[in-house]
Amino acid sequence: LRVLRLARLLRVARMTKGVRMLLRTLFLSLPHLVNVAALLALLFSLYAILGVRIFGKVARGSYIHHHANFESFFSAVLLLFRVCTGEAWDGIMRDCSAQEPYCDEQLGSCGSVAWAYIYFLSFIVFAMFILLNLIVAIILREFTTATEEEAALITADNIADFAYAWEQVDQARTAFLPIPDILPFLGVVGPPLGSQDNLTTKNYQTAMRLAPLLQAYDGRIYYKELLHAAVITLLADDAKVDVTDIYLPQGEQEKMFKKWSALFPEIPSDVCVTNDVSANLAAVRLQSIWRGFVVRKNIFCVRSPMDTLATVATDPLSSFEAPSAANRASPFLRQGHQAW
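Now for a description of the structure that goes with this document.

What counts, and at which threshold
Residues numbered from 1 in each chain as written. Predicted model: local features only at pLDDT ≥ 70, side-chain atom pairs only at ≥ 80, totals over all residues. Heavy atoms only, no water. Helix = DSSP H or I, 4+ residues; strand = E, 2+ residues; numbered from the N terminus. Buried < 20%, exposed > 50% of the residue type's maximum accessible area, 1.4 Å probe, protein only. Contact = heavy atoms within 4.5 Å. Areas by Shrake-Rupley, 256 points an atom, 1.4 Å probe, with all protein chains shown as cover. Polar contact = N/O pair within 3.5 Å; in protein donor to acceptor, adjacent residues only side chain to side chain. Phe/Tyr/Trp six-rings, centres within 6.5 Å; stacked < 30°, edge-to-face > 60°. Core = buried A, V, L, I, M, F, W, Y, C linked by side-chain atoms within 4.5 Å. Salt bridge = Lys/Arg side-chain N within 4 Å of Asp/Glu carboxyl O. Disulfide = S-S within 2.5 Å. Axes fitted to C-alpha atoms, helices over the stretch in contact; angles between N-to-C directions. Parallel < 35°, antiparallel > 145°, perpendicular 65-115°, else oblique. Left-handed = near helix turned anticlockwise from the far one by under 90°. Nonpolar A, V, L, I, M, F, W, Y, C, P; charged D, E, K, R; others polar.

Here we look at the overall build of the chain
Across its full length, the chain holds 14 helices and four strands. Taking all 340 residues of the chain together, the buried fraction comes to 31%. Across the chain, every contact between residues at least 6 apart in sequence was considered, and the portion connecting residues at least 24 apart equals 66%. About 21,900 Å² of surface is accessible on the chain, with carbon and sulfur atoms providing 62% of the total.

What follows is the structure, encoded as C-alpha cells:
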C-alpha cells in the first residue's frame, strides 16, 4: 500500500502545466503509436525470417558472433533491433557478405554480397528512416495538438462538463430544460461555459447574455441551442465583438448541424416556439426577489426576538407559496426546497 502512495505524484502533474501537456501528448499519441508499433513488429518479423534463411550459416567474424547472429529467429530480431539503432550496422553487413578465405564455401558459411547489401540497406531505409521518424512525427503532431488545446478558450473537457451537468438534470434524455432551471444549471456548469459561481445574480447575468440566441419550446430550452449560445458568447467576449459577428462558414455550419441531428432528438413540430426567453428569465428573477423579500419580512419584521425564534422553530417555510406542478418536477427547484 505504501508503494501505491507514489501515485500522489500524479497530482503534481495536474498542477504543473508543462507536465500536464506532456502527459496529454502521450495520451493522444498512444493509439497512433500502437499502429506504427504493429507495423514495425511485422517488418522485424519479416526481415528476421529472411535473415535466418539467407545468413543463418554465415561464418562468425568481428561483428557476427555468439551474441549477434542470424542462427535463430530470436537472435535475428535482437540483431535487427541493434541495426535499427544504427550501431555498427555496416560491419554486420560486411560480415554477412564474407567470402573465401574468411569462410568455407563447401560448408556453406560464406555470405552473399548482393543479398547483404539489398537486405541491410532496405531495412535501414524502412525501419530507421521511415518508421522511426514516423513515430517522432506523430509525437510532434500530438504535442502541437495538446499545446493548441491548452491555449484554447474551449476544450473538449469543457464540453464534457457541460454534457455531464445536463445529464444530471435531464435524466429522461429529452434534450430540453425548463427555463427556470437555466439559472441553477449555469452555476453547476461553471466557467467558461457557465457562471463563475452558484450565486443567483451571477447566473441571471450569464443567462440574460445567452437569451438573445435562444428560443423557447413550450417554455423549455433545447440542449443544442444552449450549448451553441454559450460557445458563441464566450468567443464574442474574447474577440470583443457582438455575438452576431461570430459565425461559422456555411459549409462548416451545415456539417456541424448534420452531425448534431444524428446525436440529439428532433424538435417536435407541434411545440410552441417563442423568442421571449429574456422575458421569462426576468419574470423568474422578479419572482425570486419578491419571494425572498416576503421571507425576510415574515421572519424579521416581528414584535420581539422571542417571536422570531418561535416562528423559525415552528415552520420556517410557512411564507413560501406552494410550487406549481412544473416547478415540483424541476430537479433543481426540488433540491433547493429540500436544502432550505
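From this point, things continue past the structure.
Topic: the side chain of S29
With respect to the helices and strands, S29 occurs in helix α2 (residues 17-55). Take S29: its relative accessible area is 1%, and that puts it in the buried class. Only 2.7 Å separates the side chain of S29 from the backbone oxygen of T25, close enough to count as a polar contact. Dropping the residues within four chain positions of it, S29 is found in contact with I138, I139 and E142.

Digging into the packing of aromatic side chains
Throughout the structure, instances matching the rule amount to 16 aromatic pairs. Residues F70 and F120 carry aromatic rings whose centres are separated by 6.3 Å and whose planes lie at 70° to one another, so their mutual orientation is edge-to-face. In this pair, F70 sits in the loop between α2 and α3 (73-84) while F120 sits in helix α5 (residues 113-151), placing the two residues 50 residues apart along the sequence. On the basis of an interplanar angle of 70° and a centroid distance of 6.0 Å, the ring pair of F176 and Y217 is categorised as edge-to-face. Taken together, the residues F176 in strand β1 (residues 176-178) and Y217 in strand β2 (residues 216-217) connect sequence positions 41 residues apart. An identical accessibility class is assigned to F176 and Y217; each is buried. Ring-pair connections join several aromatic residues into one group, and the members of that group are F44, Y47, F55, F70, Y119, F120 and F123.

Brief notes about the environment of S45
Position of S45 relative to the elements: it lies in helix α2. S45 sits 29 residues away from F74 along the chain, and the two C-alpha atoms are 9.6 Å apart. At a separation of 2.9 Å, a polar atom in the side chain of S45 contacts the main-chain carbonyl oxygen of A41.

Remarks on the nonpolar core
With 33 residues, the main nonpolar core has F162, F185, L226 and L281 as its most contacted residues. Every element with two or more residues in this core is listed here: α6 (156-169), β1, α7 (182-189), α8 (200-210), β2, β3 (220-222), α9 (223-239) and α11 (277-300). In terms of residues, this core owes the most to one element, α9, which gives six residues. Ignoring any residue separated from it by four or fewer positions in sequence, one finds L281 in contact with I179, L183, Y204, A207, M208 and A211. A68, V83, C96 and Y119 belong to the second-largest nonpolar core, a separate cluster that totals 26 residues.

With respect to the pattern of salt bridges
Close approach of charged atoms lets side chains of opposite charge pair. Under the criterion given, the structure shown has three salt bridges. Residues R94 and D90 are paired through a salt bridge, measuring 3.7 Å at the closest nitrogen-oxygen approach. Of this pair, R94 and D90 are both found in helix α4 (residues 89-96), four residues apart, which corresponds to roughly one turn of the helix.

With respect to the state of the cysteines
One pass over the structure, following the stated rule, counts one disulfide. With its sulfur 1.9 Å from that of its partner, C103 forms a disulfide with C110. Negative torsions about the S-S bond denote left-handed disulfides, and the value of about 100° found for C103 with C110 makes this one right-handed. Take C103 and C110: they sit in the same class, and that class is buried.

Regarding the packing of α6 against α7
Remark: α6 packs on α7, axes separated minimally by 9 Å, with the N-to-C direction vectors making an angle of 135°. Compared by their axis directions, α6 and α7 come out oblique. Like other packed secondary-structure pairs, α6 and α7 cross with a definite hand, here right-handed. Here F162, A165, W166 and V169 of α6 come into contact with α7, specifically with F185, V188 and V189. Considering only residue class, the contact of α6 with α7 consists of seven nonpolar, no polar and no charged.

Describing the environment of F27
In this fold, F27 is placed in helix α2. For F27, a relative accessible area of 55% puts it in the exposed group. Measuring from C-alpha to C-alpha, the distance between F27 and A146 comes to 9.8 Å, with 119 residues separating the pair along the chain.

Topic: unusual backbone geometry
The amide bond that connects E100 to the next residue, P101, takes the cis arrangement and shows omega of 10°. If you trace the backbone, P101 turns up in the loop between α4 and α5. For A175, which is not glycine, the phi dihedral falls at a positive 70°. Within the element layout of this structure, A175 appears in the loop between α6 and β1. For A175, a relative accessible area of 7% translates into the label buried. Of note, D218 is a non-glycine position whose phi angle comes to about 55°, a positive value.

Treat this as a map of the structure, not an account of what it does.
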